[in-house]
Amino acid sequence: MEQSVPVYERERIDDLLTQDLKIIQSEDVFSFSLDAVLLARFCSVPTRGRMIDLCTGNGVIPLLLTTRTRAHITAVEIQPRLAEMAQRNVKLNRLDAQIDIRQGDLRGAVQEIGHGLFDAVTVNPPYLPVPNGEQNINEHVAAARHELFCTLEDVIRVSSRLVRTGGKVAMVHRPSRLVEICTLMREYRLEPKRIRFVHPRADHEANMVLIEGMRDGKPEIRTLPPLIVYKNQNEYSDELMDVYFGRRLTLDHNPDTY
């Protein structure tokens, strides 16, 4: 049952299409997209315990994770407007007891929250380095796309320090940065364990990669079958339809639950 929360001008309530979850979004800020949904279905989750979501935006990943785990979920977002929206989304769905939204800089998360406290970390970080020259772009969109507040190294370093030994860190990113991701993961004691490439169509190269590492894990990696988004010009593949409508809560036939 939804809880009454304020919805402001130029905001709307969208249906997350699974377990009656709703989400407040606005055309003025960066709305969630497919990559967030896929990450929430790709990552390994503890049945209980503690998880943390970095760069949470309006809180979509924690909301979706509640359909897979009873773990307590902390979420961190640096932009005050998005963090406040995420807090309203938690209240809207009556998930206050399971999700805690914190507004702040993820680079200070270890000092403020604690070292090695979490069983799993999820993060959908900005994909692009900060561009040169002026950018005529919405500030919220710019922060979601570009590394204005944190670099890829910041994200991986902090994630490694937040997660316990044997815990998992999962992220979604651009395939063009996969070598950099794997190199940084190993530098910060996260061993890459699972990778899945996402292709817009079967005859197109991948435009997203889902990757998960284990803190202090042994070298061994699983490369999962490619995920195809569209089966024709504009119709989602059967797997994507199952994911969007909550008929399938994981992207892995043998997901890790620990």
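Reading guide: rules and limits
Residues numbered from 1 in each chain as written. Predicted model: local features only at pLDDT ≥ 70, side-chain atom pairs only at ≥ 80, totals over all residues. Heavy atoms only, no water. Helix = DSSP H or I, 4+ residues; strand = E, 2+ residues; numbered from the N terminus. Buried < 20%, exposed > 50% of the residue type's maximum accessible area, 1.4 Å probe, protein only. Contact = heavy atoms within 4.5 Å. Areas by Shrake-Rupley, 256 points an atom, 1.4 Å probe, with all protein chains shown as cover. Arc of directions from axis to C-beta. Core = buried A, V, L, I, M, F, W, Y, C linked by side-chain atoms within 4.5 Å. Pairing = 2+ DSSP bridges. Salt bridge = Lys/Arg side-chain N within 4 Å of Asp/Glu carboxyl O.

Asks: Is there a simple way to explain the overall build of the chain in this structure?
Replies: Helix and strand content of the chain: eight helices and eleven strands. Split into buried and exposed, the 258 residues of the chain put 55% on the buried side. Looking at the chain alone, contacts between residues at least 24 apart form 70% of all its contacts between residues at least 6 apart. A total accessible area of about 12100 Å² is found for the chain, and carbon and sulfur atoms account for 49% of it.

Asks: Help me understand helix α7 (residues 178-187) in this model?
Replies: Every α-helix winds through 3.6 residues per turn, so residues three or four apart in the chain are directed the same way. Along α7, the positions that sit buried rather than exposed are L178, I181, L184 and M185. Looking down the long axis of α7, one finds its buried residues gathered within 130 degrees of arc, a one-sided arrangement. In α7, those exposed residues whose orientation departs by more than 90 degrees from the buried face are V179 and R186. Those residues of α7 that are buried lie in contact with α6 (152-162), β7 (163-173), β8 (190-199) and β9 (208-215). Backbone geometry just downstream of α7 places R189 in the positive-phi region, at approximately 65 degrees.

Asks: In this structure, what is going on with the nonpolar core? I would like to understand it.
Replies: Within soluble globular proteins, side chains that are nonpolar tend to cluster in buried spots. Residues L38, L65 and L210 are the most contacted members of the largest nonpolar core, which totals 40 residues. When residues of this core are traced back to their parent elements, those giving at least two are α1 (34-42), α2 (60-65), β4 (72-77), α3 (80-92), β5 (99-103), β7, β9 and α8 (238-244). Sequence-distant contacts of L38, defined by excluding residues within four places in its chain, comprise V198, M208, L210, L227, L240 and L251. Ranked by size, the runner-up nonpolar core spans 28 residues in total, among them L106, A109, V110 and V169.

Asks: Quick question: what am I supposed to make of the pairing of strand β1 (residues 11-15) here?
Replies: Working note: regular strand, side chains alternate between the two faces of the sheet. As judged from the five bridges shared by β1 and strand β2 (residues 22-26), these two strands associate in the antiparallel manner. The residue bridging I13 from the neighbouring strand is I24, located in β2.

Asks: What's the story with the pattern of salt bridges in this structure? I'm lost.
Replies: Side-chain pairs of opposite charge can arise whenever the charged atoms involved come near each other. Inspection of every chain in the model, using the stated rule, returns 22 salt bridges. Note that R164 is salt-bridged to D119, the shortest N-O span being 2.7 Å. Taken as a pair, R164 in strand β7 and D119 in strand β6 (residues 118-123) lie far apart in primary sequence, 45 residues in all. For R247, the salt bridge identified is with D242, shortest N-O distance 2.9 Å.

Interpretation note: all reported values are geometric properties and have no functional meaning in isolation.
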